[in-house]
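Notes for the structure review
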Amino acid sequence: MSMKSLLLLVLGGLLCYAAVSVSAQVSEKPTDLEVTKTIKASEIATDFELPITCDRSGNVYLKSESDGVSEVRKITTTGIRATTFSGASCPDIKVQVAAGLFVSSDERLYQVVYPAEGRYRYVLMFNRDGTCRSEVKLDTPFSFVPYQIVVFPSGTMLAAGLRWSADREVKAMWPFTALFSSNGSIVKELVLPDDVAIHKLGAEGDPRVTRPTNPSSNSAVARGAMRLGSDGNAYLMRRLSPAIVYSISESGSVVRRFTVDPGDPGFMPSSMQTAGDRLVVLFRNAQSNRTLLKVVDLAGHDAAEYVDPMDGGRPHLGLAFACYSNSPDRFTFLSTFDDDRLGLVTAEPRK
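Quick look at the structure, then.

Definitions and limits used
Residues numbered from 1 in each chain as written. Predicted model: local features only at pLDDT ≥ 70, side-chain atom pairs only at ≥ 80, totals over all residues. Heavy atoms only, no water. Salt bridge = Lys/Arg side-chain N within 4 Å of Asp/Glu carboxyl O. Helix = DSSP H or I, 4+ residues; strand = E, 2+ residues; numbered from the N terminus. Buried < 20%, exposed > 50% of the residue type's maximum accessible area, 1.4 Å probe, protein only. Pairing = 2+ DSSP bridges. Axes fitted to C-alpha atoms, helices over the stretch in contact; angles between N-to-C directions. Lys, Arg positive; Asp, Glu negative; His and termini not counted. Polar contact = N/O pair within 3.5 Å; in protein donor to acceptor, adjacent residues only side chain to side chain. Disulfide = S-S within 2.5 Å.

Under the definition given, this model contains 16 salt bridges. Residue Arg350 is joined to Glu34 by a salt bridge in which the shortest nitrogen-to-oxygen separation is 3.5 Å. Taken together, the residues span a long stretch of sequence, with Arg350 in the segment after β25 (341–349) and Glu34 in strand β2 (residues 31–44) at a distance of 316 residues. Exposure remark for Arg350: the relative accessible area of 42% places this residue in the partly exposed category. The partner of Arg330 in a salt bridge is Glu348, with the nearest N and O atoms 3.3 Å apart. Of the two residues, Arg330 is situated in strand β24 (residues 330–336) and Glu348 in strand β25; the sequence distance between them amounts to 18 residues.

Shown next, in the form of structure tokens:
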């Protein structure tokens, strides 16, 4: 079997490693979403930089930058800024780049940051009031670029990203996922079933995951997502079409692997949110500008499928998917008003 054929098998979800087959369609025709509420926030809208997340109460956590300082704004469901979390409040770290976000059940915020100096990456933990609680160095023996993080109730952290390759002839970085203790030391490295295939796509310059201008990166990893499920497992998504999702326990075991298929390879995953026993992946088609949301249960079985009905060729619901709640399904998107104010758009299935 050729290497190309092997890659197609791996990425097509045909491995026997805890894989779950997910059908491409729930029904013949997806359900339209319609706007049920729009709130103009007190905030001026800025670029909607991923990841965007929310807590159990529906408050949205949005990354921004003020005077060159990385910040996260907590916006309530009524559109009011409740808290600002600033890297400047952690005095020992001069943040150059801020990456992944995680909000715990008690509304503490964790953020992955890259300091201006040194090769180590850190996790900043903030109290609910925005004050800096701690700064944890992710102590790896090699250069590691984390993009996603989940913090388990024990304080153990699961971080996913890219590490430098030991092969000097290969510019493409390797996927790297590991459990870290609350003090930043590695507890366990995870080797995920598709890591080799995803790395090979990057090393071969596949345009689905890399660009000639940045051959070391891999968007299947860098533009993925990770959330904590109601079952206590972390759900890590790789940005491929179909999207690959791993359910990972607090001990670092891969409980299951499944794919979420938009039914059209032109749709690429953009973001992922969880609520209750459901997980939703938002797919976008860059050519048609269309949006598709696939809802699955935590085993990967299809539950629902929704589309943005569009408005004049543009997404009708907003520019960024911020929050999801189920029973019944309800989605929150971010938009911008004509006066540049931030908008919170609630959408529900059309009846």
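There's plenty left to go through after this.
With that settled, consider the sheet that holds strand β11 (residues 144–151). The antiparallel open sheet is built from four strands, whose spatial order is β11-β12-β13-β14. Edge positions in the sheet fall to β11 and β14 (186–190), since each of these pairs with one other strand and no more. Across this sheet, the average inter-strand angle for adjacent strands is 25°, counted without regard to direction. Of the strand pairs in this sheet, strand β13 (residues 174–180) and β14 are connected by four bridges, and their pairing is antiparallel. Paired with Thr177 across the two strands is Leu190, which belongs to β14.

So, about the sheet that holds β2. Within the open sheet, the eight strands sit side by side as β19-β20-β21-β22-β2-β25-β24-β23. Their pairing is mixed. In this open sheet, the two edge strands, each paired with only one partner strand, are β19 (267–275) and β23 (320–325). Put simply, the sheet's adjacent strands are angled 30° from each other on average, direction ignored.

With that settled, the discussion passes to the side chain of Asp261. Within the secondary structure layout, Asp261 lies in the loop between β18 (254–260) and β19. For the buried Asp261, no salt bridge exists, and the shortest N-O distance to an oppositely charged side chain is 6.7 Å, to Lys294. Polar side-chain contacts of Asp261 include one of 2.8 Å to the backbone nitrogen of Gly263.

Evaluated as defined, the whole model comprises two disulfides. The disulfide partner of Cys54 is Cys323, and the gap between their sulfur atoms is 2.1 Å. In this structure the cystine formed by Cys54 and Cys323 twists about its S-S bond by roughly 75°; its chirality is therefore right-handed. Pair noted here: Cys54 is in strand β3 (residues 49–54) and Cys323 is in strand β23, with a separation of 269 residues, a long-range link. Two residues share a disulfide in this structure: Cys90 and Cys132, whose sulfurs sit 2.0 Å from each other. Between Cys90 and Cys132 the disulfide shows an S-S torsion of about 105°. By sign, it is right-handed. Of this pair, Cys90 sits in the loop between β6 (81–86) and β7 (95–103) while Cys132 sits in strand β10 (residues 132–138), placing them 42 residues apart in sequence. Considered together, Cys90 and Cys132 belong to a single accessibility category, that of buried residues.

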